[in-house]
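# Structure at a glance
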Amino acid sequence: MLDLLITNAALPDGRTGMSVAVQDGRITAVEPALSAPAKEVVDAGGYLLSPPFVDPHFHMDATLSYGLPRVNESGTLLEGITLWGELKPLLKADALIERALAYCDWAVAKGLLAIRSHVDTSDASLLPVEALLEVKRRVAPYIDLQLVAFPQDGVLRSKGGLANFTRALDLGVEVVGGIPHFERTMAEGAASVKLLCELAAARGLLVDMHCDESDDPLSRHIETLSFEAQRLGLQGRVNGSHCTSMHSMDNYYVSKLLPLIAESGVSVIANPLINITLQGRHDTYPKRRGMTRVPELMAAGVNVAFGHDCVMDPWYGMGSGDMLEVAHMGLHVAQMTSQKGIRQCFDAVTVNAAKVMHLEGYGLDVGCDASFVLLQARDKIEAIRLRANRLKVWKKGVLVAATPEVATTLRLPNRPPATRLMT
Ligand code: FE2
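In this section: the packing of aromatic side chains. Inspection of the entire model under this criterion finds five aromatic pairs. Here Phe53 and Phe346 contribute two aromatic rings whose centre-to-centre distance is 5.9 Å and whose plane-to-plane angle is 65°, an arrangement assigned as edge-to-face. Placement of the pair is Phe53 in strand β6 (residues 53-58) and Phe346 in helix α12 (residues 339-348), with a sequence separation of 293 residues. Phe346 sits in the buried class, given a relative accessible area of 1%.

Spelled out as structure tokens, the structure:
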């Protein structure tokens, strides 16, 4: 007897009327109108059953700290970094853990079951690192939390930066980060990329660097990152996050850069909510959007994902852990309004992001983990349009969140009373 049988589901690939069978936390069959004895049968009602949302770029050590110790008045990236610097000496491990766990609750409610979080390694105490390693242990039954060592103040620029960084890796942080555009010069930024990629290669770790998060058209760290990925044989294991300077780069240069990124197997993460908010701040009008060239990267064969980056922290006062909101903003900023483009934006917060994180068992194929989200929407496009309600969320066959179907009762003059679903 099956543990769970979900019937009459629409799938992200467009198939409808599909059944998904689950046994021992794994998918054992995906077939049209399957009938088999099961302990529990869930009629999906024609709604979309998707693998869970994946956020490949987040800062869980800062989340839900909005207003501590003050609000970012200018709204800029640099004031955010200054503000984070003011908050760090005041951080207490228990409070940080509590905020992170509260965010993870929000995430599960939104069907977000895998998060790659950067964790600041700049301070010698490594308090955020130890706190998030504890959070990772606690949420492991329901969220895949992957941690990136992130030298916020610059691995070369800050005193003891490299020593603290390597200690974080020794403690079990599993991805090598970096912030080359925050090092003192372009040359030192390039040196940090080389140094950190060599460190990752020596330890067999993945790489994910904040790369060119500026409006500087001459910032070149994604070029260096791609070169190092190829030189060290790290193809498929390296990611460039943000890459906002690419928005402002010369078109001729970009025509050379895109094939270089593709050939080095480097993936790119854009963070639409944050990029549209933080970039172009030095512009008058017209103001640049600042997000990297998403459709062009995709067309060049680069794996592109979208991240949330921030929720209620020194850089951003909005957000709720909703990756459909991220995809919604992404498609607007990138003008990906074709049907294909909208579907690609859904993929950017699901399969593409899972690929960046090297998640095992992700997907809706037989043998994959029985982790999925049932959305109150018929397909990927409607899911983004409505930022659809998450009706049910399963992790390895176990129901971890449920939200009632949203419906509004209308009582209008000259109209019969009616109930309207959010579709
Ligand atoms: Fe970030």
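The rest of the description comes next.
This part covers the domain arrangement of the protein. Examined at the domain level, the protein breaks down into domain 1 (4-51 + 364-409) and domain 2 (53-357). Computed over C-alpha atoms, the centres of domain 1 and domain 2 are 30 Å apart. Each side of the interface is counted separately: domain 1 has 18 residues, and domain 2 has 23 residues. Summed over both sides, the interface between domain 1 and domain 2 buries roughly 1,700 Å², with carbon and sulfur atoms accounting for 71% of that surface. At the junction of domain 1 and domain 2, the tally comes to three salt bridges. As a salt-bridge pair, Lys395 and Asp144 come within 3.2 Å of each other at their nearest N and O atoms. Taken together, domain 1 and domain 2 are joined by five residue pairs in polar contact (both at pLDDT 80 or more). Within the residue set of the side of domain 1 that touches domain 2, elements represented by two or more residues are β5 (48-50), β14 (372-375), α14 (380-386), β15 (390-395) and β16 (398-402). Sort the elements by how many residues they give to the side of domain 1 that touches domain 2 and α14 lands first, with five residues.

The coordination sphere of the iron ion contains the protein donors His57 (NE2), His59 (NE2), His210 (NE2) and Asp309 (OD), at a distance range of 2.2 to 2.4 Å. Of note is the iron ion, whose four donor atoms meet at the metal with angles of 85 to 177° in an arrangement that counts as irregular. Mapped onto the sequence, the donors of the iron ion take the spacing H-x1-H-x150-H-x98-D. Note that His210 is positioned in strand β10 (residues 206-211) and Asp309 in the loop between β13 (304-306) and α11 (323-333), a separation of 99 residues in sequence. Per residue, the accessibility class of His210 equals that of Asp309, and both read buried.

As summarised here, the arrangement of the eight strands in space is β6-β7-β8-β9-β10-β11-β12-β13, forming an open sheet in which the pairing is parallel. Pairing within the sheet leaves two strands with one partner each, and these edge strands are β6 and β13. Running over the sheet, helix α2 (residues 93-109) touches β6 and β7 (112-120) and is turned about 150° from β7. Against the sheet, α11 contacts β6, β7 and β13, and its axis sits at roughly 70° relative to β6.

Here we take up empty space enclosed by the protein. Rolled over the atoms, a probe as big as a water molecule pinpoints where empty space is left. Taken as a whole and judged by the stated rule, the model has two cavities of 30 Å³ or more. Here the largest cavity is characterised by a volume of approximately 110 Å³. If you go around the largest cavity, you meet 14 residues; those closest to its centre are His59, Leu77, His210, Glu213 and Trp315. Within the residue set of the lining of the largest cavity, elements represented by two or more residues are α1 (77-87) and α9 (272-278). Of the residues that constitute the lining of the largest cavity, the class distribution is eight nonpolar, four polar and two charged. Quantified by volume, the second largest cavity comes out at close to 30 Å³. Along its surface, the second largest cavity is lined by His59, Asp61, Ala62, Trp84, Asp120, Phe150, Gln152 and Trp315.

What counts and how
- Residues numbered from 1 in each chain as written.
- Predicted model: local features only at pLDDT ≥ 70, side-chain atom pairs only at ≥ 80, totals over all residues.
- Heavy atoms only, no water.
- Phe/Tyr/Trp six-rings, centres within 6.5 Å; stacked < 30°, edge-to-face > 60°.
- Helix = DSSP H or I, 4+ residues; strand = E, 2+ residues; numbered from the N terminus.
- Buried < 20%, exposed > 50% of the residue type's maximum accessible area, 1.4 Å probe, protein only.
- Domains from an automatic or database assignment.
- Contact = heavy atoms within 4.5 Å.
- Buried area = accessible area lost by both parts, 1.4 Å probe.
- Salt bridge = Lys/Arg side-chain N within 4 Å of Asp/Glu carboxyl O.
- Polar contact = N/O pair within 3.5 Å; in protein donor to acceptor, adjacent residues only side chain to side chain.
- Donors = N, O, S within 2.8 Å, 3.2 Å for Na, K, Ca; no water.
- Tetrahedral: all angles 85-135°; square planar, octahedral: opposite > 155°, others 65-115°.
- Pairing = 2+ DSSP bridges.
- Axes fitted to C-alpha atoms, helices over the stretch in contact; angles between N-to-C directions.
- 1 Å grid on protein atoms, 1.4 Å probe; cavity = no way out; pocket = protein on both sides within 12 Å on 5 of 7 lines; lining within 4 Å.
- Points joined across faces, edges and corners; volume = space filled by probe spheres on them.
- Nonpolar A, V, L, I, M, F, W, Y, C, P; charged D, E, K, R; others polar.

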